[in-house]
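Spelled out from the first residue to the last, the chains are:
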Amino acid sequence: DFDTTSELTDSADQVVLSARSKRIAFDSFAIARGEAPVPRGVTFVRSVGRCEADIVGTGFASLYVISARLVDGLTSDGVTGWRSTPIRFENGEMPDGAYHALSITGRCGQISYDMSAVIEKRGYGSRKAKWWRGSYFDPKTWDGSDMFTPVNWATVFMVAHVREMLRLYDLD
């Protein structure tokens, strides 16, 4: 139900890799999917905003960082299919552990595009783009996790009670 992170958080905050960290091998896709750790020595810097939101983009399509407050909420609610790794900010912009890289470990099978309706939607700027409405997969391929990602995408899916928890959580 959320097209973008900003719809969920009402925030445009963003962090990016520090200039020094750009020399370190960093696979954002693998980290977001829980297939690789955040490399040692990687630091981030604020790019946009004051970095006060609970879910913050990183400039990588599939990788988000989440606040320690949200980590505590997901943990206390027993949400499955994810893990987090505390990140560091260069020059102490934020306290160590204030934000965590979010990795989705839950899985489902491939998305079946032939079951989705194709619609036109405005993309960034005024361009129209084709989008699929609905994402379908064989339910037998889902591991039952509350948060999960398909084997052929990095999109994060969540079960209804997690979506409702996030809506009620009063995310910044």
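Residues numbered from 1 in each chain as written. Predicted model: local features only at pLDDT ≥ 70, side-chain atom pairs only at ≥ 80, totals over all residues. Heavy atoms only, no water.

A. View of the side chain of Arg33. Checked against the element boundaries, Arg33 lands in the loop between α2 (28–32) and β2 (43–48). On the basis of relative accessibility, which here comes to 5%, the residue Arg33 falls in the buried class. Excluding anything up to four places from it in sequence, Arg33 contacts Ile104, Thr105, Arg107, Thr149, Pro150, Val151, Trp153 and Ala154. (Helix = DSSP H or I, 4+ residues; strand = E, 2+ residues; numbered from the N terminus. Buried < 20%, exposed > 50% of the residue type's maximum accessible area, 1.4 Å probe, protein only. Contact = heavy atoms within 4.5 Å.)

B. How the structure looks around the sheet that holds strand β8 (residues 107–108). An order of β8-β11-β12 is seen for the three strands of this open sheet, with the pairing classed as mixed. If you trace the sheet from one side to the other, it starts and ends with β8 and β12 (157–158), each paired once. (Pairing = 2+ DSSP bridges.)

C. Structural view of the confidence of the model for the protein. Per-residue pLDDT for the protein has a mean of 83; in total, 89% of the residues score no lower than 70. Across residues 1–6, confidence stays below pLDDT 50; counting only partners more than four residues off in sequence or on other chains, it has twelve contacts. (pLDDT = per-residue confidence, 0-100.)

D. Here's a closer look at the side chain of Asp54. Note that Asp54 resides in the loop between β2 and β3 (55–57). The exposure class assigned to Asp54 is buried, which follows from its relative accessible area of 2%. Within polar-contact distance, the side chain of Asp54 engages the side chain of Ser67 at 2.6 Å. (Polar contact = N/O pair within 3.5 Å; in protein donor to acceptor, adjacent residues only side chain to side chain.)

E. Highlighting the pattern of salt bridges. For the coordinates displayed, the defined rule picks out six salt bridges. As a salt-bridge pair, Arg33 and Glu35 come within 3.2 Å of each other at their nearest N and O atoms. Judged by its relative accessible area of 48%, Glu35 falls in the partly exposed class. The network of salt bridges with shared partners includes Arg33, Glu35 and Arg107. (Salt bridge = Lys/Arg side-chain N within 4 Å of Asp/Glu carboxyl O.)

F. Expanded view of the pairing of strand β4 (residues 64–67). Judged from the three bridges that link them, β3 and β4 form a sheet pairing that is antiparallel. In the strand pairing of β4, Ile55 is matched with Ile66. The hairpin turn running from β3 into β4, its antiparallel successor, is six residues long, and Gly59 in that turn takes a positive phi close to 90 degrees. The pairing of β4 with strand β7 (residues 99–104) spans three bridges and is classified as antiparallel.

G. Expanded view of the environment of Val42. Looking at where Val42 falls in the secondary structure, it is placed in the loop between α2 and β2. Sequence spacing of Val42 and Ala19 is 23 residues, and the spatial spacing of their C-alpha atoms is 9.9 Å.

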